[in-house]
Amino acid sequence: MKLLKRLLPFLLPILLLTGCGGGAPFTRTIYVPDGEPVRLRETVRSAKVWVLDENGKPVAGKMDLPGFIEFAARQQENGAQGVELLDYFWRDRDSELPKAKRQIADAGLGLGIYSIGNDFFQPDRGAWQKQLDDLKTGVEVAGKLGAPVLRVFSGNAKPGYTLEDGLTWIVDGLAAGAEYASRHGITLALENHGLMAGRSDQVRKIIDAVGSPALRANLDTGNFLLVNQNPSDAAKE
């Protein structure tokens, strides 16, 4: 229940582009920097995770960032209200960022969240510091975009290590990140992702250990399935 309370402030503004209506299945559109559109999670059978055109057919070829925002704008007639931008969307961040921000605003879309793919599960201190530096950059980019929330991860499993081995690395990284984010008016949202903090109890343990109002939770129902946890039970916990 505590986890659900932490999630509520973020579930509403964090809206991925959807084509929901009637009995239609959930459709999430994604930006593919290079190559063909791909299905992200085959484990979630009710999700059709493709880049689709206005006729509902998969888009062949490539889609750049302006094209993605333009596509998102057209989906407002289907109920879309905003977009999520990820750090790997950029080809030239410094030049693309102000253009993307202006295009999103001109389209009448919101930007509820900016997302990065940090990994604090690092036995090497130098690699850990690089992840913290990247998170701080993510905070700054979120601020420039006007996104109030930065989606973060805990880390990825490493051979020969358990979560308990690296829990301090994760907590220390997110604590430092939360302190930096707080000074910039940004809230970090920790997503249940992978085997290192993929379960709701693990996410709660990390958030409680950090103890900062600038670190909350971001629910990914599909990821709970990957660690054999019922998403409904996870949210209630």
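Refer to the preceding data block for the structure.
What counts as what
Residues numbered from 1 in each chain as written. Predicted model: local features only at pLDDT ≥ 70, side-chain atom pairs only at ≥ 80, totals over all residues. Heavy atoms only, no water. Helix = DSSP H or I, 4+ residues; strand = E, 2+ residues; numbered from the N terminus. Polar contact = N/O pair within 3.5 Å; in protein donor to acceptor, adjacent residues only side chain to side chain. Contact = heavy atoms within 4.5 Å. Salt bridge = Lys/Arg side-chain N within 4 Å of Asp/Glu carboxyl O. Buried < 20%, exposed > 50% of the residue type's maximum accessible area, 1.4 Å probe, protein only. Arc of directions from axis to C-beta.

Trainee: Just to check I follow, could you spell out the side chain of Arg151 for this structure?
Mentor: As for its position among the elements, Arg151 is in strand β3 (residues 149–152). Polar contacts involving the side chain of Arg151 include one to the main-chain carbonyl oxygen of Ile116, which spans 3.0 Å. Discounting chain neighbours no more than four positions away, the residues touching Arg151 are Glu84, Leu86, Ile113, Tyr114, Ser115, Ile116, Ala189, Glu191 and Asn218.

Trainee: Sorry if this is basic, but what is going on with the pattern of salt bridges here?
Mentor: When the charged atoms of two side chains with opposite charge come close together, those side chains can pair. Across all of its chains, the model carries 7 salt bridges by this definition. Here Lys130 and Asp134 are joined by a salt bridge, their closest N and O atoms 2.8 Å apart. Highlighted residues: Lys130 and Asp134, both in helix α4 (residues 125–145), separated by 4 residues, approximately one helical turn. Relative accessible area serves as the criterion here: at 32%, Asp134 is assigned to the partly exposed category. Note that Glu164 is salt-bridged to Lys205, the shortest N-O span being 3.2 Å. On the criterion of sequence distance, the pair formed by Glu164 in helix α5 (residues 163–183) and Lys205 in helix α6 (residues 200–210) is long-range, its members being 41 residues apart.

Trainee: Quick question: what am I supposed to make of helix α2 (residues 65–74) here?
Mentor: Each turn of an α-helix holds 3.6 residues, which means side chains three or four residues apart point in the same direction. Buried within α2 we find Leu65, Phe68, Ile69, Phe71 and Ala72. One side of α2 carries all its buried residues, which in axial view fall inside an arc of 160 degrees. At its buried positions, α2 is contacted by β1 (82–86) and α3 (93–106).

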